[in-house]
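# Geometric and topological summary
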Amino acid sequence: MVNICLVLGTRPQIIKSAPLIHELTNNHNVNLKIIHTGQHYDYEMSRVFFEELLIPNPYCNLNVGAGSHAHQIAEIIQRLEKVLLELRTDLVLVPGDTNSALASTLTSVKVGIPVAHFESGARCYDMLMAEEVNRRVVDHISSILFAVSENCIDNLKKESVLGRIILSGDTMYDVFLQENRAIQKSKILEKIDLEEYCVLTLHRSENVDNTDRLKTLLRTINKVASKKIIFPVHPRTKRVIKKSMIKFDNLITIDPLPYNDMMRLVQGSTFLLTDSGGLQKEAFWCKTPCITLRERTEWVETTNLGVNFIAGTAEKNVSVAIQTLLKNYDKVKEKFSMIGNPYGDGHASKKIINFLLEAGGFR
Ligand code: UD1
């Protein structure tokens, strides 16, 4: 029997862990314990995904909650160490690039437990982004690195990481395929009841914490998008919008959505505007063009294929990106029927588990 702990703490980590958790709970050779750091704690940022994606309850919640990065990381390390030792953990599984990922990897290696990192090798080469720092550290101290694409493998090789590198594909694509039926059944489009709209998400601190910057960005999008903009608002962003009473004619703000509703909303949308990492790939699978409101992306496959456009956040650049996309819209949409998926075949979680258990990957 192998004792595996999977440590997660944020919305995207819960989603990308779901297929792996299902595989592991069905495996009689594995004793899986899910540990929630509590980095995300609102119902619609955490619990809803456990219910929707039928993920078993975590063994425990470290309840670290909000705070500075240093606070979150330090608290997770302090609280997780005890749990990992008590459980006689053989291996820790860590998804993604959040503060929870960094802290749980550090804790594990410090108590001598190997880490397998999935969604490894993503790089945007912007060290001002918290996630870029997290990914680099996690990849350099993990024993096994499951990469989602050839490009991620190249990134890891360039950095001469010491762990074993395996091309697994993306567990986020596994979830997307597994949930397809439920996504199609979502009633979100009836609720929205609009012929045409685009979707916006914004949560990066550099985009939302400064009120003037957020206001300018929203004003530009409101003016140029030339249609209604559905904006599911992250709690961090909601606080700023509420405090400054930001309001624009075309902007329809809603609460964060469950996974299936969000995917259906993106599928039905003319295009997506986002500063999220994961949503750039999800828009790709939904065959929806994406404008990325960041200066760089780690998901260069989507930009190289000509369906994701890096706009940054400067007024002029966002405006040009939207206008150019609308002008070439049919050509961009056509590309989706001609390109393959660089993020695996939808069986990433099976590959990860086969490697770990059958190939004796971590012994
Ligand atoms: C974190 C991750 C980011 C990921 C994102 C997904 C880091 C450094 N960032 O960013 O990689 O893309 O999650 O959403 O780990 N808050 C609530 N309720 C919640 C969660 C957050 O009110 O359930 C508020 C808190 O005020 C908190 C703020 O949102 O201070 C930011 O949350 P935090 O987890 O620090 O970072 P995210 O912006 O969510």
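Residues numbered from 1 in each chain as written. Predicted model: local features only at pLDDT ≥ 70, side-chain atom pairs only at ≥ 80, totals over all residues. Heavy atoms only, no water.

## Observations concerning the sheet that holds strand 5 (residues 115-120)
Reading across from one edge, 3-2-1-4-5-6-7 is the order of the 7 strands in this open sheet, with parallel pairing throughout. The sheet terminates laterally at strand 3 (60-61) and strand 7 (164-167), the two strands that pair on one side only. For strand 6 (residues 144-147) and strand 7, the ladder comprises 4 bridges, and the chain directions are parallel. In the strand pairing of strand 7, alanine 147 is matched with leucine 167. Taken strand by strand, helix 1 (residues 11-25) contacts strand 1 (2-8), strand 2 (30-36), strand 4 (91-95) and strand 5, and its axis lies near 165 degrees from that of strand 1. (Pairing = 2+ DSSP bridges. Helix = DSSP H or I, 4+ residues; strand = E, 2+ residues; numbered from the N terminus. Contact = heavy atoms within 4.5 Å. Axes fitted to C-alpha atoms, helices over the stretch in contact; angles between N-to-C directions.)

## Considerations on the pairing of strand 6
The alternating pattern of strand 6 places Ile144 and Phe146 and Leu145 and Ala147 on opposite faces, both of which are buried. Direction of pairing for strand 5 relative to strand 6: parallel, over a ladder of 4 bridges. Bridge pairing in strand 6 links alanine 116 to isoleucine 144. On the question of chirality, the crossover connecting strand 5 to the parallel strand 6 by way of helix 5 (residues 130-141) is right-handed. In this region the chain leaves strand 6, passes through helix 6 (residues 150-158) and returns to the parallel neighbour strand 7; the handedness of that crossover is right-handed. (Buried < 20%, exposed > 50% of the residue type's maximum accessible area, 1.4 Å probe, protein only. Right-handed = clockwise from strand over helix to strand, strands pointing away.)

## Topic: helix 4 (residues 99-110)
The end-to-end C-alpha distance of helix 4, which contains 12 residues, comes to 17 Å, matching closely the 16 Å that a straight helix rising 1.5 Å per residue would cover. Burial in helix 4 covers these residues: Asn99, Ser100, Ala101, Leu102, Ala103, Ser104, Thr105, Thr107 and Ser108. Buried residues along helix 4 sit against strand 1, helix 1, helix 3 (69-86), strand 4, strand 5 and helix 5. Residue glycine 112 follows helix 4 closely and has a positive phi angle near 80 degrees. (Expected span 1.5 Å × (residues − 1).)

## Considering the site of the ligand
Neighbouring the ligand are 19 residues, the closest being His40, Asn99, Glu131, His234 and Arg239. At 2.9 Å, a backbone N or O of tyrosine 41 approaches an oxygen atom of the ligand. Within the contact set of the ligand, an oxygen atom lies 2.8 Å away from a backbone nitrogen or oxygen of asparagine 99. Here the ligand has 740 Å² of accessible area as a free molecule, and 91% of this is covered by the chains. Listed by contribution, the elements that provide at least two residues to the shell around the ligand are helix 3, helix 5 and helix 12 (235-244). At 3 residues, the largest contribution of residues to the shell around the ligand is made by helix 12. Of the residues in the shell around the ligand, the class split is 6 nonpolar, 8 polar and 5 charged. (Near = heavy atom within 4 Å. Polar contact = N/O pair within 3.5 Å; in protein donor to acceptor, adjacent residues only side chain to side chain. Areas by Shrake-Rupley, 256 points an atom, 1.4 Å probe, with all protein chains shown as cover. Nonpolar A, V, L, I, M, F, W, Y, C, P; charged D, E, K, R; others polar.)

## Details of the packing of helix 1 against helix 7 (residues 171-178)
At a minimum axis separation of 8 Å, helix 1 and helix 7 run at an interaxial angle of 75 degrees. The angle between the axes of helix 1 and helix 7 places the two elements in the roughly perpendicular class. Contact residues: Ile15, Lys16 and Pro19 in helix 1; Thr171, Met172, Asp174, Val175 and Gln178 in helix 7. (Parallel < 35°, antiparallel > 145°, perpendicular 65-115°, else oblique.)

## Section: the sheet that holds strand 8 (residues 197-201)
The 6 strands are arranged 10-9-8-11-12-13 in an open sheet whose pairing can be described as parallel. In this open sheet, the two edge strands, each paired with only one partner strand, are strand 10 (251-254) and strand 13 (308-310). For this sheet, the mean angle separating the axes of adjacent strands, direction not counted, is 20 degrees. Here 4 bridges tie strand 9 (residues 228-232) to strand 10, and the two strands are oriented parallel to one another. Residue pairing for strand 10: isoleucine 230 is matched across the bridge by isoleucine 252.

## Points about the environment of valine 111
Among the structural elements, valine 111 can be located in the loop between helix 4 and strand 5. Valine 111 sits 26 residues away from leucine 85 along the chain, and the two C-alpha atoms are 7.8 Å apart. The residues contacting valine 111, other than those within four sequence positions of it, are Glu81 and Leu85.

## Topic: the packing of aromatic side chains
One pair of aromatic rings is described through two measures. These are the centre distance and the angle between the planes. According to the stated counting rule, one finds 7 aromatic pairs in the structure shown. For the ring pair phenylalanine 146 and phenylalanine 355, a centre distance of 5.9 Å and an interplane angle of 80 degrees mean the geometry is edge-to-face. On the criterion of sequence distance, the pair formed by phenylalanine 146 in strand 6 and phenylalanine 355 in helix 18 (residues 348-358) is long-range, its members being 209 residues apart. Judged by its relative accessible area of 0%, phenylalanine 146 falls in the buried class. Overall, phenylalanine 355 belongs to the buried group, its relative accessible area being 11%. Residue placement shows lysine 281 over the ring face of tryptophan 299; its charged tip is 3.9 Å from the ring centre. The cationic tip of lysine 281 hangs over the ring face of tyrosine 343; the distance from NZ or CZ to the ring centre is 5.8 Å. (Phe/Tyr/Trp six-rings, centres within 6.5 Å; stacked < 30°, edge-to-face > 60°. Lys NZ or Arg CZ within 6 Å of the ring centre and 35° of its normal.)

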